[in-house]
Amino acid sequence: MANQRHITIFAPALGQPDREPLGYSGLVEAVRNGQAQELLWNPDLRKVRVTLLDGRQSVVDVFPENPVLIQEADAAGVPLTIEDSHQQEAWAGLMVNLLLVALILVGLGFLLRRSAKAANRALGFGRSKPRLRAENDIRVCFEDVAGINEAKDELQEVVAFLKQPDRFTSIGARIPRGVLLVGPPGTGKTLLARAVAAEAGVEFFSISASEFVEMFVGVGASRVRDLFRQAKQKAPCIVFIDEIDAVGRQRGAGIGGGNDEREQTLNQLLTEMDGFEDNSGIILLAATNRPDVLDTALLRPGRFDRRVLVDLPDRPGREAILNVHARTRPMAPDVDLAAWACRTPGFSGADLANLLNEAAILTARARKQFIEDNHIMDALERVTMGLPAAPLQNSGKKWLIAYHEVGHALVATLLHQADDLDKVTLLPRSGGVGGFARFTPDEEVVDSGLVSRAKLQARMAVSMGGRAAELVVFGRQEITPGASRDIEAVTATAREMVTRYGFSSLGPVAWEGDQAEVFIGRDWLQQRPTYSKDTAKALDAEVQKLAKEALAAACSLLAGHRPLLDELTNQLVEEETIGGDQFRAVVEQYQGTTAPVQDSVGRDLVKGLPNKAE
Ligand code: ADP
């Protein structure tokens, strides 16, 4: 028996077929007999759907032309409807087309919007992005800026101008347009500018000059225009431009001429500053640490004609800054910030803020409630020497480093002019530092910058102390590159002594200028050496002589105090850290109780450097 297959075919337009198909004759018969209730004829599909009186429906295949059925239906009065499937198809086609068009339109719209956004971005290039700060956002007042009192006093005047302009304009005084804050990084220039805005109760715009400069010529100029447009809307206000030397450098200088983009930006800045009406209420504050490279046009009266020096803080200044930053931190009652101010010469405000922050982090890590001296000490070492590394094993390397560091410390303790030893330690730091000897520079010398020749020579001898100890203890064949940084420092000092300070037999001639300027855009031709080859040789020989003298001085001192060197090194290896006072006590005791050390060789070599044993 053959397999029976059940195939179900759906007739979509005319509905489900009846279970008992009528057939064409049956259809005509049913119409004729009056059994049909209604006929629906689709000539294109060649089908008729008949609804019988009892409600049943049937679909019957018919010819495309069917006059008989029409006649019979007409005769029997059965309603016959002709269905036009073309029209339906046309509608369906129309719908599909409409859908397609709609899709295309939506796609096009999407693309257009994207390209419009990109175009907007391209056009927005020229807009400057100053960070506008509302007055109440800035919670910095003059009280928060410590240690730079002269600068603060000078800026008080600007605050007065902004607060009561009438007081000045009534007697014909012109409000300054620009104030240049000059000083090393981190000394509080930005902080001061913010404090001025806050004290005067005006808006504060801040932008870094490097943000003006883009890859495209003309963008910087348009950013400057935009910045001033925004500022004029908010006048009176303070506009702070950080690192003004990024655009304000002397024009037409540098290797290969000027930089078009930078010069255009600067020109625009000059034009905008001229365009201020007098007393318009906009005051520009700009910060730089290289005022000497600025274009003279920028500094002429009517532009940045006021210059306020914001220098590194002195000892009382550092104490005041530490106090400002200690206000918001829980300090242990016995912490003496004045002592910490003594230990941090050369630190800027930002360095001091960072020091206390590091100390706070270490305190939190130790799960303590209050910041104590030891936390600040650890923080200071982290900041100056790097993170602590794994301690050294009791190996040859440890002894070598110990001798090296005690070498520095002992030379410093024996020489009158050298800085005082703060501590010497064998605890290594990250970055390859095996240990270190730290000194407390003379405060007066740091502040005045006036270092005597004897002091410089003593410093060089101290720097050579490490290499000298290696030579004296281990011999010429065993010296290591550990002294490379000391040698670099000595060479730099010696070179400056010879070529800039006139401290050598070559006389008081400035053979070289400040090296750094060549790289920042001053005409490099002016910076090329102007001396002959013979002089260059003589200069090199003088530098070499000074460096050799320093090493010889250190060697003779250490050789003359060899037992002391050994004793202190033993102690350092045992204790890992020796404080300055403890170190000095050992040296004094040694010199007091034992026979005078054989330092006659030392005295001969340390010409002009009286040592403390004498
Ligand atoms: P600059 O603009 O001179 O590079 P900042 O004004 O940006 O330095 O200073 C950075 C941070 O250092 C400040 O936010 C502040 O915490 C701290 N600081 C710097 N100078 C002082 C100061 N004189 N008094 C108090 N804090 C200071």
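Here is what the cut-offs are and how they apply
- Residues numbered from 1 in each chain as written.
- Predicted model: local features only at pLDDT ≥ 70, side-chain atom pairs only at ≥ 80, totals over all residues.
- Heavy atoms only, no water.
- Pairing = 2+ DSSP bridges.
- Helix = DSSP H or I, 4+ residues; strand = E, 2+ residues; numbered from the N terminus.
- Axes fitted to C-alpha atoms, helices over the stretch in contact; angles between N-to-C directions.
- Contact = heavy atoms within 4.5 Å.
- Buried < 20%, exposed > 50% of the residue type's maximum accessible area, 1.4 Å probe, protein only.
- Polar contact = N/O pair within 3.5 Å; in protein donor to acceptor, adjacent residues only side chain to side chain.
- Expected span 1.5 Å × (residues − 1).
- Near = heavy atom within 4 Å.
- Areas by Shrake-Rupley, 256 points an atom, 1.4 Å probe, with all protein chains shown as cover.
- Nonpolar A, V, L, I, M, F, W, Y, C, P; charged D, E, K, R; others polar.
- Phe/Tyr/Trp six-rings, centres within 6.5 Å; stacked < 30°, edge-to-face > 60°.
- 1 Å grid on protein atoms, 1.4 Å probe; cavity = no way out; pocket = protein on both sides within 12 Å on 5 of 7 lines; lining within 4 Å.
- Points joined across faces, edges and corners; volume = space filled by probe spheres on them.

### Regarding the sheet that holds strand E12 (residues 436–440)
Reasoning step 1: Spatially, three strands are ordered E12-E11-E13 in an open sheet, and the strand pairing comes out antiparallel. The sheet is open, and its two edges are formed by E12 and strand E13 (577–579), each paired on a single side. Ignoring which end each strand starts from, the neighbouring axes of this sheet average 20° apart.
Reasoning step 2: The pairing of strand E11 (residues 420–425) with E12 spans five bridges and is antiparallel. When the bridges of E12 are listed, Thr425 appears paired with Phe436.
Reasoning step 3: Relative to the sheet, helix H21 (residues 562–575) contacts E11 and E13, its axis offset from that of E13 by approximately 115°.

### Re the side chain of Thr413
Reasoning step 1: Position of Thr413 relative to the elements: it lies in helix H15 (residues 396–414).
Reasoning step 2: Take Thr413: its relative accessible area is 9%, and that puts it in the buried class.
Reasoning step 3: Only 2.6 Å separates the side chain of Thr413 from the backbone oxygen of Ala409, close enough to count as a polar contact.

### A few points about the sheet that holds strand E3 (residues 57–61)
Reasoning step 1: Overall, mixed pairing links the four strands, which are arranged E3-E2-E1-E4 in an open sheet. Among the strands making up the open sheet, the edge pair consists of E3 and strand E4 (80–82). Looking at each pair of strands side by side, their axes are set apart by 20° on average, direction ignored.
Reasoning step 2: The pairing of strand E1 (residues 36–42) with strand E2 (residues 47–52) spans six bridges and is antiparallel.

### Describing helix H18 (residues 484–499)
Reasoning step 1: Spanning 16 residues, H18 covers 22 Å between terminal C-alpha atoms, matching the ideal 22 Å at 1.5 Å per step.
Reasoning step 2: Within H18, the full set of buried residues consists of Asp486, Val490, Ala494, Met497, Val498 and Thr499.
Reasoning step 3: Buried residues belonging to H18 abut H15, helix H17 (453–474) and helix H20 (533–560).

### Thoughts on the pairing of E1
Reasoning step 1: The buried fraction of E1 is high, at five of seven residues.
Reasoning step 2: Connecting E1 to the antiparallel partner E2 that follows it, the hairpin turn spans four residues, and Arg46 within it adopts a positive phi of roughly 55°.
Reasoning step 3: Sheet topology note: the E1/E4 ladder contains three bridges and is parallel. Looking at E4, one finds that Leu40 is bridged to Thr81.

### Some details on unusual backbone geometry
Reasoning step 1: At Arg46, a position not held by glycine, the phi torsion is positive, near 55°.
Reasoning step 2: When you line up the elements, Arg46 lands in the loop between E1 and E2.
Reasoning step 3: Judged by its relative accessible area of 46%, Arg46 is partly exposed.
Reasoning step 4: Despite not being glycine, Arg367 has its phi angle at roughly 55°, a positive value.
Reasoning step 5: With relative accessibility at 75%, the residue Arg367 sits in the exposed group.

### Some remarks on the site of the ligand
Reasoning step 1: The environment of the ligand is made up of 15 residues, and the closest members are Ala146, Gly186, Lys189, Thr190 and His325.
Reasoning step 2: Within the contact set of the ligand, an oxygen atom lies 3.1 Å away from a backbone nitrogen or oxygen of Gly188.
Reasoning step 3: With respect to the ligand, the side chain of Thr190 contributes an N or O atom lying 2.5 Å from an oxygen atom.
Reasoning step 4: Computed on the free molecule, the ligand has an accessible area of 560 Å², of which 78% lies beneath the protein chains in the complex.
Reasoning step 5: Broken down by secondary-structure element, the contributors of at least two residues to the shell around the ligand are helix H6 (189–200), helix H11 (315–326) and helix H13 (349–365).
Reasoning step 6: The element that contributes the greatest number of residues to the shell around the ligand is H6, accounting for three residues.
Reasoning step 7: Of the residues belonging to the shell around the ligand, the class tally is seven nonpolar, six polar and two charged.

### Thoughts on the packing of aromatic side chains
Reasoning step 1: For the structure on display, the rule yields six aromatic pairs.
Reasoning step 2: A centroid spacing of 5.6 Å and a plane angle of 65° characterise the contact between Tyr24 and Phe63, whose relative ring orientation is edge-to-face. Of this pair, Tyr24 sits in helix H1 (residues 23–32) while Phe63 sits in the loop between E3 and helix H2 (67–76), placing them 39 residues apart in sequence.
Reasoning step 3: Judged by relative accessible area, which is 51%, Phe63 ranks as exposed.
Reasoning step 4: Their ring planes at 90° and their centres at 5.7 Å tell us that Tyr403 and Phe474 sit as a pair that is edge-to-face. Here Tyr403, found in helix H15, pairs with Phe474, found in helix H17; they are 71 residues apart in sequence, far enough to count as distant.
Reasoning step 5: Overall, the relative accessible area of 9% leaves Tyr403 in the buried class.

### Some words on the layout of surface pockets
Reasoning step 1: Computed from the structure, the largest pocket encloses a volume of approximately 1,300 Å³.
Reasoning step 2: Met385, His408, Phe436, Ala437 and Asp486 are, among the 46 residues lining the largest pocket, the residues nearest its centre.
Reasoning step 3: Residue assignment for the lining of the largest pocket shows that the elements contributing at least two residues are helix H14 (373–385), H15, E12, H17 and H18.
Reasoning step 4: The leading source of residues in the lining of the largest pocket is H15, at seven residues.
Reasoning step 5: Counted by class, the lining of the largest pocket contains 21 nonpolar, 14 polar and 11 charged residues.
Reasoning step 6: Taken as a whole, the second largest pocket holds about 330 Å³ of empty space.
Reasoning step 7: Looking at the second largest pocket, it is lined by 18 residues, and the ones nearest its centre are Asp144, Leu191, Val324, His325 and Ala353.
Reasoning step 8: For the lining of the second largest pocket, the secondary structure elements donating two or more residues are H11 and H13.
Reasoning step 9: The residue makeup of the lining of the second largest pocket, split by class, is nine nonpolar, six polar and three charged.

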